[in-house]
Amino acid sequence: MIAVIDYKAGNLTSVMKALRAAGTDPVVTDDAGMVRRADRIILPGVGHFAATRFLEERGLKAAIAERIDAGAPFLGICVGLQWLFAGSTEAPGCAGLGAFPEMCEKFAPGKKVPHVGWNSLAIQPGSRLLAGIPDGSFVYFTHSWRAPVVQDTAAVTEYGEPFTAAVERGNVMGVQFHPEKSGETGLRVLRNFLELPGC
Amino acid sequence: MLTKRIIACLDVRDGRVVKGVQFVDIVDAGDPAELAARHAAAGADEIVLLDITATHEGRGTLLSTVQRTAQRLFVPFTVGGGIRTADEAAAVFDAGADKISVNSAALARPELIGEIGAQFGAQAVIVAIDARRVPGTKIEHAEVFVAGGRKPTGRRAVEWAREAEERGAGELLLTSMDADGTRAGFDCELTAAVSEAVQIPVIASGGAGNAQHFTEVFREGRADAALAASIFHFGIADVRALKEALQRDGIPMRLPC
């Protein structure tokens, strides 16, 4: 079972539609028990980082951490990627999962924010999530905070400064862009994630 | 590099795409779902659906049209027209919109911008501004109109743009009523005045007739995105051909798409 976690941050219609188009029929849930039974977990989300507090309150964070330890593939989208880091200056009192120890920060002044639109990916060789996607492909972003480039960054995008567009370590993955809104390239990312070996 | 966006707009009335000249003289241009899919396949970076008569006739947005149009669309999809409350916005998001645009209702009650943003994120709220120049005055005096361009508000476009940003709009959709439907070019001066007044992205609308007009509005108008309707519907300019022409002009475009 593929679980799409509903933590009341934005709308899930587009994500569900794209996952169905990618050939699966996921379950939307905010229940930790359901997450513990999931083979694969997707954490979408647009909006404020503070919304991730819901994950802690409902015991979803612990359930997700357990499943990741058990080897279940995990994909965070947008705020879902940022949540994989230690936290974000958008909501300093709100801890992320901490799979990556760095903090997410707002874009440096000088550029318009939010960063909205189609921007290109500089893809690291060997990424499984981005397999088959040509370097330089365009995907759709909309965000004001960004994750820094780290050792496990799988794709870098430039907007005044380089930032992490995709991160990947083992079964833990995240994308800052919206695969559900990024045309064929985005659907390919989702299919790649769905085809990863499960646990 | 962040590319400039080309947005195809569907003005919808009674479930059909229509196009007027300066907000009147409506002609039929086809089925919204079919046109949206065609524009996306041709490389449109986003699709906007505006229910142009919603405010005037007091009708709600046509949810079934939105649902049908969103079904096969995997690029950002914005819906506007007649959204007055956060609950009405929620229904439009549920039907498949990624962003909503508010116009008259936000002017009547500016708190609406923050209310929708709090629930769906600021990136999902576009404030649409229909503006007309006031002859014999500076560009900053351009006035905002509501109700599909029927009613003057006495508000200045630049000042309303700043307020909309402060209240949490994610983007602005600026339509020049003087230029709309003329195919004689965007109002670059008005677009630049608004774009320079805010930090959020500005989508320019009204007056697109050829590729040169888009280059001008990106360069001189400092637009982040440009929207057009009629030139696409009747096959005058294919989106892909337009984007290729703009890229040759040095404007960053999403190509291939």
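What comes next concerns the included structure. Quantities reported herein were computed from a predicted structural model and do not represent experimental measurements.

Some words on the interface of chain B and chain A
Across the boundary between the two partners, chain B contributes 24 residues, which contact 27 residues of chain A. Looking at the side of chain B that touches chain A residue by residue, the classes come out as 11 nonpolar, six polar and seven charged.

Some remarks on the sheet that holds strand 8 (residues 122-123) of chain A
All names here are of chain A. The strand order 2-1-3-4-13-12-11-8 describes an open sheet built from eight strands, whose pairing is mixed. Strands at the two margins of the open sheet, each flanked by one partner only, are strand 2 (27-29) and strand 8. With four bridges joining them, strand 12 (residues 162-169) and strand 13 (residues 172-175) adopt antiparallel strand pairing. Bridged to Val167 within strand 13 is Gly174.

A word on the nonpolar core
The biggest cluster of nonpolar side chains holds 152 residues, and the ones touching the most others in it are Ile47, Ile100, Val127, Ile129, Leu172, Ile203 and Ala226 of chain B. Look past the residues within four positions of Ile47 of chain B in its chain and what remains in contact with it is Ala8, Leu10, Ala36, His39, Ala40, Leu73, Val75 and Phe77 of chain B.

Brief notes about unusual backbone geometry
In the segment running from Val113 of chain A into Pro114 of chain A, the intervening peptide bond is cis, with an omega of 0°. Residue position: Pro114 of chain A is located in the loop between strand 6 (100-106) and strand 7 (115-120). A cis geometry characterises the amide bond from Leu255 of chain B onward to Pro256 of chain B, with omega recorded as -10°. By the secondary structure assignment, Pro256 of chain B is in the segment after helix 11 (239-248). Despite not being glycine, Cys78 of chain A has its phi angle at roughly 60°, a positive value. Tracing the backbone through its elements, the reader meets Cys78 of chain A in the loop between strand 4 (74-77) and helix 5 (79-82).

About the cut-offs
Residues numbered from 1 in each chain as written. Chains lettered and ligands numbered in written order. Predicted model: local features only at pLDDT ≥ 70, side-chain atom pairs only at ≥ 80, totals over all residues. Contact = placed C-beta atoms within 7 Å. Nonpolar A, V, L, I, M, F, W, Y, C, P; charged D, E, K, R; others polar. Pairing = 2+ DSSP bridges. Helix = DSSP H or I, 4+ residues; strand = E, 2+ residues; numbered from the N terminus. Core = buried A, V, L, I, M, F, W, Y, C linked by C-beta atoms within 7 Å. Buried ≥ 20, exposed ≤ 12 C-beta atoms within 10 Å, placed from the backbone.

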